[in-house]
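Listed here are the chains, written in short residue letters.
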Amino acid sequence: VSKATVYSHFHDKQALFNALIEQLVEKKFRTIFGTSDMHVLEGNPNIVLRQLANRMLDAGMNDPQFLDFMRLLVGESGRFPELARTFVRNIEATTFKALVEYLKTCKKDLKLVDTEATARIFVGALVHYTIVQKMLHGADILPMERDRLIDNIMLAIVR
C-alpha cells in the first residue's frame, strides 16, 4: 500500500509500530495460552508451569520473525523508548499478568513469598535462555539443554 493509505489509518510511525506491537503480543499470548482469556492457567503447578515454560520457549525460539522483531526492538529502544515501553506494557497486561494471577492462586501451596518476583524469575530465565541461545547465537558457547533449564526452574518454584 502507499504511504498515504498507511497514514490514513495511523497518525504516525509510532502509532503504526504501537499497533504492530499490540498485535504481536496478542498473537504470542494466544500461541502460548491457546486463547485470549486471561484466566487460562489452572491446575497442578508442576504441570501448568512446565507446559507454560515449553510453550513460551516454543513461541519465542521457533519464530524467526519474532526473533528479528525482538532484535530490532532492543536495538532501537534507545532511539524509540516509547515503543519499548509499549511492548513492556502489553506484555505486562497479558502474559505476565496471567502468570502472576495464577501464582497467587498457588501461593499457599507453593509457599511463595512474592508472586510477582517469582513470575519475573520464571519469565526472566526463559527470556535469558532465548536471548543467549537464539538471538545471540550462543548455543555452542553457553550450551544448556532446554529440559535441564525447565527442570531447574521447576525445582526452584515447585518444592
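Since we're looking at a predicted model, the values are computed, not measured.

Rules of the game
- Residues numbered from 1 in each chain as written.
- Predicted model: local features only at pLDDT ≥ 70, side-chain atom pairs only at ≥ 80, totals over all residues.
- Heavy atoms only, no water.
- Axes fitted to C-alpha atoms, helices over the stretch in contact; angles between N-to-C directions.
- Helix = DSSP H or I, 4+ residues; strand = E, 2+ residues; numbered from the N terminus.
- Parallel < 35°, antiparallel > 145°, perpendicular 65-115°, else oblique.
- Left-handed = near helix turned anticlockwise from the far one by under 90°.
- Contact = heavy atoms within 4.5 Å.
- Nonpolar A, V, L, I, M, F, W, Y, C, P; charged D, E, K, R; others polar.
- Patch = residues over 30% accessible without salt bridge, like charges linked within 9 Å, V, L, I, M, F, W, Y side chains within 5 Å.
- Areas by Shrake-Rupley, 256 points an atom, 1.4 Å probe, with all protein chains shown as cover.
- Salt bridge = Lys/Arg side-chain N within 4 Å of Asp/Glu carboxyl O.
- Buried < 20%, exposed > 50% of the residue type's maximum accessible area, 1.4 Å probe, protein only.

Peer 1: Sorry if this is basic, but what is going on with the packing of helix 2 (residues 13-33) against helix 5 (residues 81-110) here?
Peer 2: Angle between the axes and distance between the axes: these two values describe a pair of packed helices. Close contact between helix 2 and helix 5 brings their axes to 9 Å; oriented N to C, the two are set at 25°. With respect to their mutual orientation, helix 2 and helix 5 come out roughly parallel. In this structure, helix 2 crosses over helix 5, and the sense of that crossing is right-handed. Contacts between helix 2 and helix 5 involve Q14, F17, N18, I21, E22, L24, V25, F29 and F33 on the former and, on the latter, E82, L83, T86, F87, N90, I91, T94, T95 and A98. Of the residues in the contact of helix 2 with helix 5, the class split is ten nonpolar, six polar and two charged.

Peer 1: Before we go on, may I ask you to explain a nonpolar patch on the surface in this structure?
Peer 2: A contiguous nonpolar surface patch, about 250 Å² in accessible area, is contributed by V127, I131 and L136. Relative to the helices and strands, I131 resides in helix 6 (residues 115-135).

Peer 1: Looking at this structure, I do not really get the pattern of salt bridges. What am I missing?
Peer 2: Any two side chains of opposite charge can pair, so long as their charged atoms come close to each other. The tally for this structure, following the rule as stated, stands at nine salt bridges. One salt bridge in this structure joins E82 and R85, with 3.5 Å as the shortest N-O distance. Placement of both E82 and R85 in helix 5 is noted, with a separation of three residues, approximately one turn of the helix. Exposure remark for E82: the relative accessible area of 29% places this residue in the partly exposed category. R85 gets classed as partly exposed once you look at its relative accessible area, which sits at 44%. Note that K104 is salt-bridged to E101, the shortest N-O span being 3.5 Å. Of the two residues, K104 and E101 are both situated in helix 5; the distance of three residues between them amounts to about one turn of the helix. On the basis of relative accessible area, K104 is assigned to the partly exposed category, the value being 47%. One network of salt bridges, with partners in common, ties together E82, R85 and R89.

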